[in-house]
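# Per-entry structural report
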Amino acid sequence: MNAQLERDYEAAKALYAKHGVDPDKALDKLKDIKISMHCWQGDDVQGFMNKDRKLTGGISVTGNYPGAARTPEELRQDVEKAYSLIPGRHKLNLHAIYADTDEKIDYDDIEPRHYAKWIEWAKEQGLGLDFNPTCFSHPKSDDGFTLSHPDKEIRDFWINHCKRARKIGEAFGRETGQPCVTNIWIPDGYKDAPVDRLAPRKRLEQSLDAIFQEDIDPKYNLDAVESKLFGIGSESYVVGSHEFYMGYGLTRNKLICLDAGHFHPTETVSNKLSALSLFSEGMLLHVSRPVRWDSDHVVVLDDELLEIARELVMNDLLGKTHIGLDFFDASINRVAAWVIGTRNMLKALLRALLEPADQLKQIELAGDFTTRLALREELKCYPFGAVWDYYCASQGVPVREEWLQDVKDYEREVQLQRG
């Protein structure tokens, strides 16, 4: 390791020690946190099951930066490059449309064997896998409804798809030795104000109950449900609202997924975590950056990301919260997007781990709000960067912006050769 990095780290340790914070212990905790990196940043949510279909479901990816992955092999290659530049050992989040098979299959045909190459690769890489049924980009979702569809035949198609997704999640967990979080999100909703808001929600409730009818050992698979405020084509009404899924998750003991972009612009996910933690089985985070609501920009080290991390650390919620990322930007290098976003999530967690939580809580409890504000502001200038640099070096990944040249070389030598 670079001697200057070690000296900077030792100096940082001395400063943090004044507040009873041990950076060595903070880094030990950070090593155990797994971020679930989303595969769909690498190919703009296209997948490999129906390459000729347009992306639907109120989702849009903008930009035409060259070098998107075209095959499972290329996507795994890109993911490996990203992980090589990110400290720690993490997970990969797959959507059903990323099946790696030569068979011609429909969404309700998927089985674990169609993802065998992903499983083998994850085991070789020492990674966990998460999973999502893909309830969009299919003829049976073109009218904007899936699990809440008034046509029972179409509902049954999506119910079967989600059932099979859970079995794939179980296989992922069994094979990798790490529980798979299988998260259900659907695009169902109306562009204009509906007459009947209740009936679709009743149908969705019944569909979900059918999907979860089979018990699966949580050692292998954990179920999650994800809400949304609105989408393109469902601006006036979304069946799976936050209130719906919060009620469903609490009454059925499911993980409740909070996506940072799926709420009113003035709402923040960070403020929901402590409340939900009191009553929920657990939580799943989809960390994104909603520049204009759910625009899914690459995660930056902004106030909300820092506050999300602080809530998780300060309130000891890391044990019941699964952290995943969800953004897609086709206007920049896609590997760089993964690296920037994942490193920023880890930076935010480290910043939180380096705060004197017990000291700050005691100050607040004593009613000394002057000291609370002053200390929190001064801590922002403490040498967190020196601790982060030391961590990256100790994990064998580039320090600071050194990773960027690696990505540019990879882009020139690999991605731009794809045509």
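Not measured: the values here are computed from a predicted model.

In this section: the pairing of strand S8 (residues 255–259). Counted residue by residue, S8 has five buried out of five residues, so it is predominantly covered. Here strand S6 (residues 221–226) runs beside S8; their pairing, made up of three bridges, is parallel. Residue pairing for S8: Val225 is matched across the bridge by Ile256. Bridge analysis of S8 against strand S9 (residues 283–287) gives four bridges, and the strand direction is parallel. Bridge pairing links Asp259 to His286 in S9. Assessed by its sense of winding, the connection that carries the chain from S8 through helix H8 (residues 270–277) to S9 is right-handed.

Across the five residues of strand S3 (residues 128–132), five count as buried, placing the element largely inside the fold. Here S3 shows no split at all, with Gly128, Asp130 and Asn132 on one side and Leu129 and Phe131 on the other all buried. Examined bridge by bridge, strand S2 (residues 91–95) and S3 share five bridges and lie parallel to one another. Its bridge partner lying in S3, Leu94 is registered against Phe131.

The subject of this paragraph is helix H3 (residues 72–83). For H3, spanning 12 residues, the distance from its first C-alpha to its last is 16 Å, which sits close to the expected 16 Å at 1.5 Å a residue. Taken across its 12 residues, H3 has nine buried, putting it largely inside the fold. Three or more residues of H3 are buried, namely Pro72, Glu74, Leu75, Arg76, Asp78, Val79, Lys81, Ala82 and Tyr83. At its buried positions, H3 is contacted by strand S1 (35–38), S2, helix H4 (116–125), helix H10 (334–353) and helix H14 (402–413).

Inspection of the entire model under this criterion finds 32 salt bridges. With a closest N to O distance of 2.6 Å, Glu74 and Arg70 form a salt bridge. Classification of Arg70 as partly exposed rests on a relative accessible area of 43%. For the salt bridge of Glu73 with Arg76, the shortest nitrogen-to-oxygen distance reads 3.9 Å. Residue Glu73 and its partner Arg76 are both found in helix H3; the two are separated by three residues, about one turn of the helix. Given the relative accessible area of 8%, Arg76 is considered buried. Each of Arg70, Glu74, Asp78 and Arg418 takes part in one network of salt bridges that share partners.

The rules behind each value
Residues numbered from 1 in each chain as written. Predicted model: local features only at pLDDT ≥ 70, side-chain atom pairs only at ≥ 80, totals over all residues. Heavy atoms only, no water. Buried < 20%, exposed > 50% of the residue type's maximum accessible area, 1.4 Å probe, protein only. Helix = DSSP H or I, 4+ residues; strand = E, 2+ residues; numbered from the N terminus. Pairing = 2+ DSSP bridges. Right-handed = clockwise from strand over helix to strand, strands pointing away. Expected span 1.5 Å × (residues − 1). Contact = heavy atoms within 4.5 Å. Salt bridge = Lys/Arg side-chain N within 4 Å of Asp/Glu carboxyl O.

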